[in-house]
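Close look at the chain arrangement
This is what each chain is made of:
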Amino acid sequence: MDRQGRKLLVLDIDETLVFASEHALDRPADLRVAGYHVYKRPHLDAFLDYAFATFEVGVWTSSGQGYAEPLVAQLMGAHPVAFVWSSARCSTARDWETGHYASEKRLAKLKKLGFALDQIIGIDDTPRKYAKNYGNLVCVREFTGDPCDDELSHLPRYLAHLDRAPRIRTVEKRNWREQLLRL
């Protein structure tokens, strides 16, 4: 297990937990942070209550720290967040086929904080960011502000399944929504 006997859940922010835009959508924003209109993904509050009750929770975003920290403070309130990491903690990798560069979240960096790789679950909408962390990612659909989105209402049931697994990396996480039908 991790350093406190619970698995670590690493949450992405943008397009995973919230949608943020410089321009308002057709409804008022839930929050305003660093000049952005921020829309919480439906079921976010219930999801966070579940996550903090079950896991140790950290946040790792590709966004800047000046945006990430105040947003996490507003979203998570009094919940104890293990860490809030921003783009400065991401690694840059080159795609040799396209020549483009992309940021990656290399979970091995969390070993310095006392977390074991086989006890870490990443929640993100961008699989490329977890390219070096095979077996840790639960990929959620990108959230673009749709008020009918229901992704976070299904995720706790799947995470309960992962919480029972002795080693996260050995559990197949692709097509997790379909797996719910068999659980």
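The residue numbers shown here count from 1 along each chain, following its written sequence. Whole-chain, interface and lining totals are the exception, using all residues; otherwise, since this is a predicted model, local features are given only for residues with pLDDT of at least 70 and side-chain atom pairs are given and counted only at 80 or more. Excluded from the side-chain calculations are hydrogens and water; all other atoms, namely the structure's heavy atoms, are used.

As annotated in an unreviewed UniProt entry, the protein chain carries the name NIF family HAD-type phosphatase and is attributed to Stenotrophomonas nematodicola.

So, the nonpolar core
Nonpolar core, defined: a set of buried Ala, Val, Leu, Ile, Met, Phe, Trp, Tyr and Cys residues in which side-chain atoms within 4.5 Å join the residues together. Only protein chains enter the accessibility calculation, which uses a 1.4 Å probe. A residue is then buried if its area is under 20% of the maximum for its type, exposed if over 50%, and partly exposed in between. Formed by 37 residues in total, the largest nonpolar core has its most connected members in L9 and F47. Segments assigned H or I by DSSP are reported as helices when at least four residues long, segments assigned E as strands when at least two residues long, and all are numbered from the N terminus. Top element by residues in this core is helix α2 (residues 65-76). It accounts for six residues. For this analysis, residues touch if any pair of their heavy atoms sits within 4.5 Å. Those residues in contact with L9 that lie beyond four places of it in its chain are F47, A51, F55, E56, V57, G58, I121, I123 and L159. In this structure, W60, C90, L110 and I120 belong to the second largest nonpolar core, which totals 13 residues.

Re the pattern of salt bridges
Each salt bridge in this description consists of a side-chain nitrogen of Lys or Arg and a carboxyl oxygen of Asp or Glu lying within 4 Å of one another. Counting across every chain of the model gives ten salt bridges. Between D12 and K105 there is a salt bridge, and its shortest N-O distance comes to 3.0 Å. Taken together, the residues D12 in the loop between β1 (8-11) and β2 (18-21) and K105 in the loop between β8 (101-104) and β9 (120-124) connect sequence positions 93 residues apart. You can call D12 buried: its relative accessible area is 5%. Across the salt bridge formed by R41 and D149, the nearest N and O atoms sit 2.9 Å from each other. With R41 in the loop between β4 (36-40) and α1 (44-54) and D149 in the loop between β10 (137-139) and α3 (151-164), this residue pair connects regions lying 108 residues apart in the sequence. Comparing R41 with D149 shows no difference in burial state: the two are buried. Members of the salt-bridge network, linked through shared partners, are D12, K105 and D124.

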